[in-house]
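Per-entry structural report
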Amino acid sequence: MNKPWARRAIGASIALVIGIAASGCSASGAASGGGVTGDGEYTGPDVNVTFWHGWTGGAAPTIVPELIQKFNAEHENITVKAVPQEWGDITAKMPLAIKAGKGPDVAVLHGDDLATYAAQNLLLDAGGILDGLGYAAEDFPKGVFDKGNFRDAQYAVPWSVTPLGLYVNKTVLAKAGITEIPTDEASYTAALEALKGAGVAGEWVDGYVFTGTFEFQSLIWQFGGDMYNEDVTEATFNSEAGVKALTWMTDMVKKGYSPANVAQDGNIKALISGETAFNWNGVWQTTNTAFDDLDWVAAPVPQIGDEKAVWSSSTHWVFPENKGQDKNKTAAASVFVKWMNDNSLGWAETGELPAANSVREDPALLEQYPNLEPFMSQLEYAHYETVSPGISEANAQITLALNQALTGKKDPKAALDDAADKANQIITQNQAKYGD
Amino acid sequence: MTDTRAIVVAPQRTSAGGRGPRPSRGKPASRRRTLTAYLFLAPFLLLFLTFVVGPAFFGIWMSLTNWSPFRDVQDFVGLQNYIDLFTPGTVTSADFWKSMSVTGIFILASVPFLVVVPLLVAILLNQRIRGATTFRTIFFAPYVLGVAVIGVIWGYILDTQSGILNHLMGLIGLPSNLPWTVDVPWVWVSLVGVTVWWTMGLNTIIFLAGLKGINTDLYEAASIDGAGTRHKFMNVTIPGLRPVMTFITTTTILASANMFGQSYLLTKGGPGTETRTVIMYIADQGLSQNNMAPAAAMSYVLFAALAIVSVLNFRLQRERVEKGAK
Amino acid sequence: MTTVLPRRRMPANKAWAQALLYVILIALALVIVLPLAWMLITSFKTDADAVRAPFSLPNPFSIEAYETLLTSGQQPIFLWLWNSFAAATVQTVLILVTASMGAYALARLEFPGKKLVFGAIIATLLVPPVVFLIPNYLIVQNLGWLDTIWAITVPGAASAFGIFFLRQFFLGLPPEIEEAARIDGAGDFRIFSQVLIPLARPALATLAVLSFLGNWNDFLWPVYVLLSPENLTLQPGLNQLQGAYSTHFAIVMAGAVIASVPVLIIFGIAQRQIVESVAGSAVKG
């Protein structure tokens, strides 16, 4: 008898659609305001803990599974299942997935995303686990811990920091007769000039997030500026410092130190293939296996502006508040996070610096991974990403301005001014969207 | 679908075939036929209502609110999201119209090539040549590949500095530093070129089928009248392909209007936002930037624009057919 | 057949035209084949060789890239391959069943509301898919289908094109077919399943091919509704692979090869059927 079925099915589908539409009006579950505690013990029933992260490249695909396997072996009642995917995909998918109750029980996010998640009530308060771990702000590099603070609650446990550095292909550099790695504006320009004389464009400047935007941000801080004002209500990257920073980058092309129109990742590929000498890139490249046959070295980024500064990102553990989040899973996840922190020495293998000072400053770390030294030495003057709900949309305007200036569509000042106007509009929109 | 009893009774009768009293002519029979028809339609309609009609209305409703899945209360805002799109200076309007114009440029730049190149190739393949099937197979092959594969292959070929295309051009003395995926106008050449490379086979085989469908008597008649190649092409081939042409232009315009993967993967929408298509922008706003309501409004504005273009296209083609008939 | 050949003039002239024709066709074929060949060649290079000598043949010949992919727990590419096949097959079957039944009703049966239903279906052909993106995401989420095969098969199975295309085919069949069967006492369902469906086999094959390809190549939707690595299909998977190995040409190319060889093989085997059915769909439709 399937005719009534058909009728009911159509009716049901209409009801479903209406129901979904209606559910938008009604409350979708009050915020529980629960938190995560972290005494490192979990004695509840067996649970599976889903863990999302974006470490898909470099050495991570072997190390993360190894660590998780070890953790699972040591913990009878907890099984962690890792779900690696692109950072960009996580940004796009995770908020909706958490709302749907399909998100992870624990995840790693970058500093600039934390406030956006917290403002949307997607994260559990992590103050408890920080207490359990015995961590406080001064246990991490300056400015990292506070990235997880939103409206007086702490939502994140710092995990790693990833500053920019100067990668050098020494074989190419030697072509210009230079053996010293440049450290300041004068020596850097001299090296670029010498390389130009040897027919080499010394540093390829690109107009994409990886890594042109990171370079620009390092420079604006070096020139004494900042992306936004103190309480992130106004974009300031079009300040004099910003214009100086971007003009320095466009001048690289004008003076023939960089080719025009470098494609995304074009510069790191060129470094590997021996077409250029310098590349400003993140610490994560230290474990790139494509470097294996190169004579290369990493150094702090040169000081072009008036003070030392460098861009760095940071990653943090968070505990998503999935629709109907199972408290046991969160408790087990906090055990996992504590265990990972206790065992994070090996993490440097992935090309990231452990955030916890105690781990990072352990001499054993540098003995094993000497390439990390220049990155570590920069941390005292590193600047981290801006924290504000929805800020990544405003940040996208910076990359846009870079791209326009480097492809000659606009001069640096005009590009930054237009981008700042737009960013200000987005900030206003964010204030309405995420409340105040 | 009005009488439950009939629904219950009908299948017994249908399945019972000749047994039992046949329903009298008139109302019950026609009602039974109606029910049968809807029964056949039911599986499709279930899907259609749930995943096409439902979402369409849901989207309209969404576009009239400040919908966010992360807030407990959604406010009805009337046409505000649409008004914002049409008011210069709002957060979304400039970017949205820029992306609309990008899609417009892509349609204008790609559709002529996507129609003319396959037409010419189809005419070549329609000659009496050896290996026509092999050529046809080769030309169609890229179409079966996904856009992610296309993005991977061409991303490496078109790279400004390490790409194979610039390398080859350098070998034959042409400029070897063209920014194929980085700067205008080259990004447009790349996007159109890659799209032609990828999808040309589809339109080619459709044209080919159309050419084969033209009555050969017409050519012979034209020959007897002393018509030349050009004359035959203009007076026999083109009119003979007219229905196919309508189909191809319509579907190609729609396909180009929905372009997303090529610029998402090859140019990242750049330089700046020069190749950020409207689909890319709407998807980003709606899913990544949590601006679902404005994104919903944008998708309906796009729909309206496409509907207008399609109607104009139909009108135009029909006029031509009518003129041709006279 | 000889539609636009030059008029019969001097044979030499004709031979010259013929030669030119082949030159053009071969050049075009090279433009199509070379990028694919380059993908294949690069996938057999070592990592370093691929970056430093992108234009030469593999030296040494290496299957390193494939080994890396096979042993990587994070990018289970063969699972993605299987998922793509499973999803494309499930959706194709759904479309064939629902569209053939619906098209039969719209083409061969008379009932009130027919014009309305057909009009509504056709109208949606013009609607850009992006309109449905966000609402359907929320619907799929409410059905609990996120990160399952249902998310990438069922919503897309509401194929207005399938209905339109099969209806055109059924309309083209003479009415005598059913009349004869009806006289034999066959009901609607029997007429449909035992008379019309066998006749529609070429049209169904066409629709099957188009549906399969469409699902196989879908990119935007699976990126958002699939979450776990073991549930991904090839298109979003390959995108992820490119992100993870952006400076490793050989590995990304090996991934692209794995993603394309199966469809190219299927296409090679069934090319006549596929090409003719796709072409036929447009000309008849």
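Just so it is clear, the structure is predicted and the values come from calculations on it, not from any experiment.

1. Let's talk about the overall build of chain B
Of the regular secondary structure elements, chain B holds 14 helices and zero strands. Listed N to C, the secondary structure of chain B is α-α-α-α-α-α-α-α-α-α-α-α-α-α in terms of helices and strands. For chain B, with 326 residues in total, the buried portion stands at 47%. Considering only residue pairs separated by 6 or more positions, chain B has 64% of its internal contacts joining residues 24 or more positions apart.

2. Concerning the overall build of chain A
Scanning chain A for helices and strands turns up 16 helices and eleven strands. Over its C-alpha trace chain A gives a radius of gyration of 24 Å, about what one expects of a compact globule, namely 22 Å for 436 residues. When the backbone C-alpha atoms are referred to their principal axes, chain A occupies close to 85 × 50 × 50 Å. By the burial criterion, 58% of the 436 residues in chain A qualify as buried. Here the analysis covers contacts within chain A between residues at least 6 apart in sequence; of these, 81% occur between residues at least 24 apart.

3. Focus on the pairing of strand β1 (residues 47–53) of chain A
Residue and element names in this part refer to chain A. With five of seven residues buried, β1 lies mostly within the body of the structure. The pairing of β1 with strand β2 (residues 78–84) spans seven bridges and is parallel. Looking across to β2, one finds that histidine 53 is bridged to proline 84. Bridge count between β1 and strand β3 (residues 106–110): two bridges; the pairing is parallel. In the sheet register, phenylalanine 51 faces β3, and the bridge partner there is valine 106.

4. Looking at the interface of chain C and chain B
With 80 residues of chain C at the contact, the number on the chain B side is 87 residues. At the level of elements, α1 (11–43), α4 (77–108), α5 (114–123), α6 (130–142), α10 (201–216), α11 (220–225), α12 (234–244) and α13 (249–284) of chain C are the ones that each hand at least two residues to the side of chain C that touches chain B. Among the elements that make up the side of chain C that touches chain B, the one with the highest residue count is α13(C) (15 residues). When grouped by side-chain class, the residues that make up the side of chain C that touches chain B number 61 nonpolar, 16 polar and three charged.

5. What about the nonpolar core?
Membership of the largest hydrophobic core comes to 312 residues, with the highest contact counts inside it found for A:Leu114, A:Val157, A:Val318, A:Phe336, C:Leu207 and C:Ala256. Looking at this core element by element, the count peaks at 17 residues for helix α2 (residues 27–63) of chain B. Each of two domains, domain 1 (12–64) and domain 2 (75–240) of chain C, supplies a minimum of three residues to this core. Setting aside its immediate chain neighbours within four residues, A:Val157 contacts A:Ala126, A:Ile129, A:Leu130, A:Leu133, A:Tyr135, A:His316, A:Trp317 and A:Val337.

6. A closer look at the interface of chain A and chain C
Each partner contributes residues to the interface: chain A has 25 residues there, and chain C has 26 residues. Elements with a contribution of two residues or more to the side of chain A that touches chain C: α2 (60–74), β2, α3 (87–99) and α10 (266–272) of chain A. Residue contributions to the side of chain A that touches chain C peak at five residues, all from α3(A). Looking at side-chain class alone, the side of chain A that touches chain C contains twelve nonpolar, six polar and seven charged residues.

7. As for helix α11 (residues 242–257) of chain B
The first and last C-alpha atoms of α11(B) sit 22 Å apart over 16 residues, in line with the 22 Å expected at 1.5 Å per residue. Every buried residue of α11(B) is listed here: B:Val244, B:Met245, B:Ile248, B:Thr252, B:Ile253, B:Ser256 and B:Ala257.

8. Digging into the pairing of strand β7 (residues 278–282) of chain A
Residue and element names in this part refer to chain A. The buried fraction of β7 is high, at five of five residues. Because side chains alternate across β7, one face comprises the buried residues Phe278, Trp280 and Gly282, and the other comprises Asn279 and Asn281, equally buried. Bridge count for strand β6 (residues 156–169) against β7 is five bridges, and the pairing is antiparallel. Counterpart to leucine 166 in the pairing with β7 is tryptophan 280.

9. With respect to unusual backbone geometry
Cis geometry is found at the peptide bond from B:Val184 to B:Pro185, where omega equals -5 degrees. In this structure, A:Asn121 takes a positive phi of about 55 degrees despite not being glycine. By C-beta crowding, A:Asn121 is classed as partly exposed, having 18 other C-beta atoms within 10 Å. For A:Asn261, which is not glycine, the phi torsion reads 55 degrees and is therefore positive. Positionally, A:Asn261 belongs in the loop between α9 (240–254) and α10.

10. Observations regarding the environment of A:Asn72
Residue and element names in this part refer to chain A. Here asparagine 72 is to be found in helix α2. The exposure class assigned to asparagine 72 is partly exposed, which follows from the 15 C-beta atoms found within 10 Å. With 124 residues separating them along the chain, asparagine 72 and lysine 196 place their C-alpha atoms 54 Å apart. Sequence-distant contacts of asparagine 72, defined by excluding residues within four places in its chain, comprise Thr79 and Val80.

11. A word on the confidence of the model for chain A
This prediction gives chain A a mean pLDDT of 86; 90% of its residues lie at or above 70. Below pLDDT 50 for its whole length, residues 1–33 of chain A participates in 43 contacts with residues either more than four positions away or in separate chains.

12. Side note on the packing of helix α15 (residues 391–406) of chain A against helix α16 (residues 412–434) of chain A
Residues and elements named next belong to chain A. Direction vectors running N to C along α15 and α16 enclose 165 degrees, while the axes themselves pass 9 Å from each other. It follows that α15 is roughly antiparallel to α16 by the angle criterion. Like other packed secondary-structure pairs, α15 and α16 cross with a definite hand, here right-handed. Contacts from Glu393, Ala394, Gln397, Ile398, Leu400, Ala401, Gln404 and Ala405 in α15 reach Pro412, Ala415, Leu416, Ala419, Lys422, Ala423, Ile426 and Ile427 in α16.

13. Describing the environment of A:Glu86
Tracing the backbone through its elements, the reader meets A:Glu86 in the loop between β2 and α3. With 32 residues separating them in the primary sequence, A:Glu86 and A:Gly54 have C-alpha atoms 5.0 Å apart. Those residues in contact with A:Glu86 that sit more than four places away from it in its chain are A:Gly54, A:Thr56, C:Gln240 and C:Gly243.

14. Examining the confidence of the model for chain B
Residue and element names in this part refer to chain B. With 90% of its residues at a pLDDT of 70 or more, chain B has an overall mean of 84. The lowest-confidence element of chain B is helix α1 (residues 4–16), averaging 32 in pLDDT; the highest-confidence one is helix α4 (residues 93–125), averaging 95. Low pLDDT, under 50, characterises residues 1–25; the predicted model gives this stretch 27 contacts beyond four residues in sequence or across chains. Confidence estimates for the predicted assembly give a pTM of 0.82 and an ipTM of 0.86.

15. A few points about the environment of B:Gly201
Residue and element names in this part refer to chain B. Summarising the element assignment, glycine 201 is placed in helix α8 (residues 186–212). It is 38 Å that separates the C-alpha atoms of glycine 201 and alanine 293, two residues lying 92 residues apart in sequence. Excluding residues within four positions of it along the chain, glycine 201 makes contact with Phe139, Phe140, Ala141, Pro142 and Tyr143.

Criteria and cut-off values
- Residues numbered from 1 in each chain as written.
- Chains lettered and ligands numbered in written order.
- Predicted model: local features only at pLDDT ≥ 70, side-chain atom pairs only at ≥ 80, totals over all residues.
- Helix = DSSP H or I, 4+ residues; strand = E, 2+ residues; numbered from the N terminus.
- Buried ≥ 20, exposed ≤ 12 C-beta atoms within 10 Å, placed from the backbone.
- Contact = placed C-beta atoms within 7 Å.
- Rg over C-alpha atoms; globule rule 2.2 N^0.38 Å.
- Pairing = 2+ DSSP bridges.
- Nonpolar A, V, L, I, M, F, W, Y, C, P; charged D, E, K, R; others polar.
- Core = buried A, V, L, I, M, F, W, Y, C linked by C-beta atoms within 7 Å.
- Domains from an automatic or database assignment.
- Expected span 1.5 Å × (residues − 1).
- pLDDT = per-residue confidence, 0-100.
- Axes fitted to C-alpha atoms, helices over the stretch in contact; angles between N-to-C directions.
- Parallel < 35°, antiparallel > 145°, perpendicular 65-115°, else oblique.
- Left-handed = near helix turned anticlockwise from the far one by under 90°.

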